[in-house]
Amino acid sequence: MSELESEFAPTLQNVLDQKSLKWIFCGTRQGWCKTTTSCSLAIQLASCRESVLLISTDPAHNLSDAFNQKFGKDATKVDGFTNLYAMEIDPTSSLQEMVEQSDQNGVMGSMMQDLAFAIPGVDEAMGFAEIMKHVKSMEYSVIVFDTAPTGHTLRFLSFPSVLEKALGKLSTLGGRFGPMIQQMSAMLGGGQAPQEDMFAKLDSMREVITEVNTQFKDPEKTTFICVCISEFLSLYETERLVQELTSYEIDTHNIVVNQLLFPKASSNCEHCSVRHKMQQKYLNDAHELYDEFFHIVQLPLLTEEVRGAEKLKEFSKMLVTPYFPPE
């Protein structure tokens, strides 16, 4: 094996070996086994790190289905593990909760919500900030994100810079409309205007956002694992994702290729043979594009669903040991 092949072995062992990693993202389009990959990686990490938190930020949550265990917005220990926890959260719901909590008098919530939603993307960005404040208050060795489909993921990763700009604009709007809101609140029999509390919360996010933004751009602390299948659209979208991540200065050097067919030589299945040839073509394209800088992990299409902790544990072994199809 050459030095280059050794450096970029076709496994995710490099992720397990990098003990400095704090944030690990797994992302792709829906239906390309992203959740199975992120769950499997979290299981492998649990074998070598003190504590692991797996978070789904995909509105179509699948962690509960993958582990056959109900998860919610609070971190819950995964059955069968002592140091693996999971939670499912919706970034867009966090802002609504923040507005409702700020609306102590029951009259200003809608105005504050309209003010917050006036800036495109700020609703999700502030929801992201609330998530990060919550996550940072917990002590975990490493955090794995099962992210939403590609477009949402890219927005998620841009939230720190979006929010930094939005906070300044919202503060300006707050100063402009603050006296009016205060007066309306007094007329309606309220006390202190709730916007003061809301803007205080927004300002408190600045430090968290700045720190998270810095850590996301640090390859020692953050990496992104691209998950795909061996088809043209998937390879095209993966390249787009890699380019976008590079523009955000977020490290990525691992690609997981799922659902590969390996028909036996004795097989008479024409469909299997044709699809295998197609997959190999795009797999070769992926190697030509990424071999020099990426670990490319190949995972087979299985004959049964990977659901439940035991099946996920078994599947996860293929992330660290190269898969060789049976003869």
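Residues numbered from 1 in each chain as written. Predicted model: local features only at pLDDT ≥ 70, side-chain atom pairs only at ≥ 80, totals over all residues. Heavy atoms only, no water.

1. Description of the overall build of the protein chain
In step 1: Looking only at helices and strands, the protein chain features 12 helices and 8 strands.
In step 2: Looking at the 327 residues of the protein chain, the share that counts as buried comes to 48%.
In step 3: In the protein chain, 79% of the contacts between residues at least 6 apart in sequence involve partners at least 24 apart.
In step 4: In the structure as shown, the protein chain presents an accessible area of about 15,500 Å², 52% of it carried by carbon and sulfur atoms. (Helix = DSSP H or I, 4+ residues; strand = E, 2+ residues; numbered from the N terminus. Buried < 20%, exposed > 50% of the residue type's maximum accessible area, 1.4 Å probe, protein only. Contact = heavy atoms within 4.5 Å. Areas by Shrake-Rupley, 256 points an atom, 1.4 Å probe, with all protein chains shown as cover.)

2. Describing the pattern of salt bridges
In step 1: According to the stated counting rule, one finds 7 salt bridges in the structure shown.
In step 2: Where glutamate 231 meets arginine 275, a salt bridge forms, and the shortest distance between an N and an O atom there is 2.3 Å. One end of the pair, glutamate 231, is in the loop between β6 (222-229) and α10 (232-247); the other, arginine 275, is in helix α11 (residues 270-290), with 44 residues separating them in the sequence.
In step 3: On the accessibility criterion, glutamate 231 (26% relative accessible area) is partly exposed.
In step 4: According to the relative accessible area criterion, arginine 275 is partly exposed, its value standing at 29%.
In step 5: Put simply, glutamate 304 and lysine 311 hold a salt bridge, and the shortest N to O gap is 3.7 Å. (Salt bridge = Lys/Arg side-chain N within 4 Å of Asp/Glu carboxyl O.)

3. A short note on the nonpolar core
In step 1: Among the nonpolar cores identified, the biggest contains 35 residues, and Ile24, Leu41, Phe67 and Leu84 are the most heavily contacted of them.
In step 2: Sorting elements by how many residues they give to this core places helix α3 (residues 34-46) first, with 6 residues.
In step 3: Leucine 41 has contacts with Leu12, Val15, Leu16, Ile24, Cys26, Ile225 and Leu319, leaving out every residue within four places of it along the chain.
In step 4: One finds Ile131, Ile143, Val208 and Val257 within the second-largest nonpolar core, a separate group that totals 33 residues. (Core = buried A, V, L, I, M, F, W, Y, C linked by side-chain atoms within 4.5 Å.)

4. Section: the UniProt feature "binding site: Zn(2+)" (unreviewed entry) in the protein chain
In step 1: When the UniProt feature table is mapped to this numbering, "binding site: Zn(2+)" (unreviewed entry) covers Cys269 and Cys272.
In step 2: Looking at where cysteine 269 falls in the secondary structure, it is placed in the loop between β7 (254-260) and α11.
In step 3: The class for cysteine 269 is partly exposed, based on a relative accessible area of 31%.
In step 4: One can find cysteine 272 in helix α11.
In step 5: Contacts of cysteine 272, omitting those with residues within four sequence positions, involve Leu261 and Pro263. (UniProt positions renumbered as here; feature names shortened; annotations may be inferred.)

5. A few points about the packing of aromatic side chains
Remark: the centre distance and the inter-plane angle together describe each pair of aromatic rings, the angle taken between the planes.
In step 1: One pass over the structure, following the stated rule, counts 11 aromatic pairs.
In step 2: The interplanar angle of 10° and the centroid separation of 6.1 Å between the aromatic rings of phenylalanine 25 and phenylalanine 224 together place this pair among those described as stacked. Pair noted here: phenylalanine 25 is in strand β1 (residues 23-27) and phenylalanine 224 is in strand β6, with a separation of 199 residues, a long-range link.
In step 3: The exposure class assigned to phenylalanine 25 is buried, which follows from its relative accessible area of 0%.
In step 4: Ring plane angle 65° and centroid distance 5.5 Å describe the contact between tyrosine 85 and tyrosine 140, whose orientation is recorded as edge-to-face. Placement of the pair is tyrosine 85 in strand β4 (residues 84-88) and tyrosine 140 in the loop between α7 (122-136) and β5 (142-146), with a sequence separation of 55 residues.
In step 5: On the basis of relative accessibility, which here comes to 21%, the residue tyrosine 85 falls in the partly exposed class.
In step 6: Taking the relative accessible area as the measure of exposure, tyrosine 140 reaches 12% and is therefore buried.
In step 7: Across from the ring centre of phenylalanine 81, 4.8 Å away, lies the NZ or CZ of lysine 313, which sits over that ring. (Phe/Tyr/Trp six-rings, centres within 6.5 Å; stacked < 30°, edge-to-face > 60°. Lys NZ or Arg CZ within 6 Å of the ring centre and 35° of its normal.)

6. Some remarks on the environment of serine 273
In step 1: When you line up the elements, serine 273 lands in helix α11.
In step 2: Look at serine 273 and you get partly exposed, because its relative accessible area is 31%.
In step 3: A C-alpha to C-alpha distance of 6.8 Å links serine 273 and proline 263, two positions 10 residues apart in sequence.

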